[in-house]
Amino acid sequence: MFHKILIANRGEIALRIQRACRELGIPTVAVHSTADAEAMHVRLADESVCIGPPAARESYLNIPSILSAAAITGADAIHPGYGFLSENADFAEMVEAHGLTFIGPSPAHIRMMGDKIAAKAAMESLGVPLVPGSDGAVADAAVLRAVAERTGYPLLVKAAAGGGGRGMKVARDASELEEAWRLARTEARAAFGSDEVYVEKYLDRPRHIEVQILADAYGHVVHFGERDCSLQRRHQKVIEEAGSPALTAAARDGIGGVATAALSKLGYRNAGTLEFLYQDGAFAFIEMNTRLQVEHPVTEMICGVDLVREQIRIAAGHALGYGQDDVRFSGHAIECRINAEDPDNFMPTPGRVTAYHAPGGLGVRVDSALYAGCVVPPYYDSMIAKLIVHAPTRADAINRLRRAIEEFAVLGIKTTLPLHRRIVDNPGFQRGDYTIHWLENLMASGG
Ligand code: MV4
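Residues numbered from 1 in each chain as written. Predicted model: local features only at pLDDT ≥ 70, side-chain atom pairs only at ≥ 80, totals over all residues. Heavy atoms only, no water.

Novice: What should I look at first to understand the overall build of the protein in this one?
Specialist: Each helix and strand counted, the protein has 15 helices and 20 strands in total. Since a compact globule built from 447 residues should have a radius of gyration of about 22 Å, the 22 Å found for the protein is in line with a globular shape. Taken over the C-alpha atoms alone, the protein extends approximately 60 × 50 × 45 Å along its principal axes. When each of the 447 residues of the protein is scored for burial, the buried share is 56%. Positive and negative charge centroids in the protein, built from 45 and 54 side chains respectively, lie 2 Å apart. (Helix = DSSP H or I, 4+ residues; strand = E, 2+ residues; numbered from the N terminus. Rg over C-alpha atoms; globule rule 2.2 N^0.38 Å. Buried < 20%, exposed > 50% of the residue type's maximum accessible area, 1.4 Å probe, protein only. Lys, Arg positive; Asp, Glu negative; His and termini not counted. Charge placed at Lys NZ, Arg CZ, Asp CG, Glu CD.)

Novice: Could you clarify how one ought to interpret the side chain of Asp-306 in this entry?
Specialist: Mapped onto the elements of the fold, Asp-306 is located in the loop between helix H10 (296–303) and helix H11 (307–315). Within the structure, the side chain of Asp-306 is placed 3.1 Å from the backbone nitrogen of Val-308, a separation counted as a polar contact. Only 2.9 Å separates the side chain of Asp-306 from the backbone nitrogen of Arg-309, close enough to count as a polar contact. Among all residues touching Asp-306, those that are not within four sequence positions of it are Arg-16, Ala-20, Glu-23 and Glu-300. (Polar contact = N/O pair within 3.5 Å; in protein donor to acceptor, adjacent residues only side chain to side chain. Contact = heavy atoms within 4.5 Å.)

Novice: Even after reading the chapter, I still don't get the packing of aromatic side chains, so can you show me in this structure?
Specialist: A ring pair, where both rings are aromatic, is described by two values, the distance of the centres and the angle of the planes. Scanning all chains against the criterion turns up ten aromatic pairs. Aromatic pair Phe-276 and Phe-285: ring centres 6.1 Å apart, planes at 80°, arrangement edge-to-face. For Phe-276, a relative accessible area of 0% corresponds to the buried category. With a centroid separation of 6.4 Å and an interplanar angle of 50°, the aromatic rings of Tyr-434 and Trp-438 are classed as tilted. In textbook terms, an aromatic cluster arises when at least three aromatic residues are bridged by ring pairs, as seen for Tyr-60, Phe-84, Tyr-379 and Tyr-380. (Phe/Tyr/Trp six-rings, centres within 6.5 Å; stacked < 30°, edge-to-face > 60°.)

Novice: Where do I start with the environment of Gly-428 in this structure?
Specialist: Looking at the element boundaries, Gly-428 is found in helix H14 (residues 427–431). As a C-alpha pair, Gly-428 and Asp-115 span 313 residues in sequence and 36 Å in three-dimensional space.

Novice: Just to check I follow, could you spell out the nonpolar core for this structure?
Specialist: As a rule of thumb, nonpolar side chains are buried together in soluble globular proteins. Formed by 37 residues in total, the largest nonpolar core has its most connected members in Leu-387, Ile-423 and Phe-429. Of all the elements in the fold, those that place two or more residues in this core are strand S11 (236–242), strand S14 (332–339), strand S17 (364–368), strand S19 (383–391), helix H12 (394–407), helix H13 (417–424) and helix H15 (438–444). Listed in part, the 33 residues of the second largest apolar core include Ile-5, Cys-21, Ile-103 and Ala-242. (Core = buried A, V, L, I, M, F, W, Y, C linked by side-chain atoms within 4.5 Å.)

Novice: Would you mind going over the sheet that holds S11 with me for this structure?
Specialist: Across a sheet, strands are paired by hydrogen bonds formed along the backbone, either parallel or antiparallel in direction. The antiparallel open sheet is built from eight strands, whose spatial order is S13-S12-S9-S10-S11-S14-S19-S17. Each edge of the sheet is formed by a strand with only one pairing partner; in this case those strands are strand S13 (282–289) and S17. When the angles between neighbouring strand axes are averaged without regard to direction, this sheet yields 25°. Sheet topology note: the S11/S14 ladder contains four bridges and is antiparallel. The partner of Ile-239 across the bridge, within S14, is Cys-336. (Pairing = 2+ DSSP bridges. Axes fitted to C-alpha atoms, helices over the stretch in contact; angles between N-to-C directions.)

Novice: Quick question: what am I supposed to make of the environment of Ala-69 here?
Specialist: Here Ala-69 shows up in helix H3 (residues 63–73). Look at Ala-69 and you get buried, because its relative accessible area is 1%. Ala-69 sits 63 residues away from Leu-6 along the chain, and the two C-alpha atoms are 8.2 Å apart.

Novice: So what exactly am I meant to see when it comes to the sheet that holds strand S7 (residues 169–171) here?
Specialist: Read from one edge of the open sheet, three strands run S7-S6-S8, paired in antiparallel fashion. With partners counted over all chains shown, the strands left at the sheet margins are S7 and strand S8 (197–201), one partner each. The sheet shows a mean angle of 25° between the axes of neighbouring strands, direction not considered. Sheet topology places strand S6 (residues 155–159) next to S8; five bridges connect them, and they run antiparallel. By the bridge assignment, Val-157 is partnered in S8 with Val-199. The strands that helix H6 (residues 116–125) touches are S6 and S8; relative to S8, the one it contacts most, it runs at about 50°.

Novice: Could you clarify how one ought to interpret H12 in this entry?
Specialist: Under the 1.5 Å per step criterion, the end-to-end length of H12 is 20 Å for 14 residues, consistent within 8% with the ideal 20 Å. Along H12, the residues that are buried comprise Arg-394, Ala-397, Ile-398, Leu-401, Arg-402, Ala-404 and Ile-405. Within H12, the buried residues cover an arc of 170° as seen down the axis, which keeps them to one side. In this fold, the buried residues of H12 make contact with S11, S14, S17, S19, H13 and H14. (Expected span 1.5 Å × (residues − 1). Arc of directions from axis to C-beta.)

Novice: Help me understand the packing of helix H5 (residues 107–114) against H6 in this model?
Specialist: Helix packing for two helices is described by the angle between their axes and how far apart those axes are. Two elements in contact, H5 and H6, have axes whose closest approach is 5 Å; the angle formed by their N-to-C orientations is 105°. Between H5 and H6, the angle is such that the two are roughly perpendicular. On H6, the residues touching Met-112, Met-113 and Gly-114 of H5 are Lys-116, Ala-118, Ala-119, Ala-122 and Met-123. Of the residues belonging to the contact of H5 with H6, the class tally is six nonpolar, one polar and one charged. (Parallel < 35°, antiparallel > 145°, perpendicular 65-115°, else oblique. Nonpolar A, V, L, I, M, F, W, Y, C, P; charged D, E, K, R; others polar.)

The following block contains the structure:
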């Protein structure tokens, strides 16, 4: 097992990883920017190292600083959390080149999944269903027209280096095709430094369903069911659930089996998530995430597994020690992402938290680095807390969530707690029959 783990992240996820380390008996090193000197992840770590000024480029993304911090503290592994360097294959490679262990997949697998075209090609060859579309990159107009004729409209042009919705353009018919393609390429070049794009049939009312997997270094792969992440605004997830209100146990077993078989053949290691669009009873793979995800707690709650502990054990060379039949699903879990934002216009609201009270009780979990008197800096992501509830049924979970939101007090700054209250009270949410467009439609309608 590792002797000391450096956590290359901040906020709630740095605390989340510290907790797993502490339960494994492993000391932790926090790194922090000058803006985070008083942050909870620094206060609770065994050791801390300041790695640079507030701007993430110069601190949490500063690879030489982070590797130096690991060297001077004698850490033998680095957990990247999510965001920042978590899906940077070059960073993973450098960590290993310095004789440390990167707690995550191999650099080659990170690189493969970062290229959405390569990821789709790999998944197709492994028997995973895809959205119909181009066979690889679409680099000239003749290929574009041929794909369109074969696939039919509407179509979506996507950036190979994309994800998160940037560089995506819809073409409703042939008259929009070349313009969408040109715009997507221009946007992709500006955003990612690569104008490589591909084309898919545009699904107009899908759900976003993702499958959590763990794989050890000995070819054992298990899945932990799905999360429904359809409730999003501008490609930012707002509420996630496990399991999906739209799936039967048989559908879950089916897609989980497809995912584990594929990743086993791929030789994948550590935690991973396969993202699917789900419409009219069919799954279509779109992307794979090679990191721990923000919404991992809903999976932990229904499976009773500590995914971060498992990531660390796998990275240290331990076998999973259990199989798919040992993974049991119990009840329903829902997570609300609470942001330091004005709930009316989503403008960030950094500042001092003057008072803080987190909800508790049976089936309530709060993952947050907030404390009374802390300052939410303006430099980073605005998510300040995750409220996760677990209950025997979805209806029970919704009632528990409403109760927990009422208990939650964050004073001094505006937060998105009132938005969550509105969603939880909405009959459409309560029925569970939403698509990826539901939340944006609700807000456009003034609901
Ligand atoms: C799609 C799609 C419809 N059809 N692909 C958005 C981000 C990127 N990860 C994939 N995305 C989408 N791909 C096809 N063929 C609709 C979206 C999409 C979306 C997907 C998941 C969650 C929220 C979304 C919001 C808008 C569009």
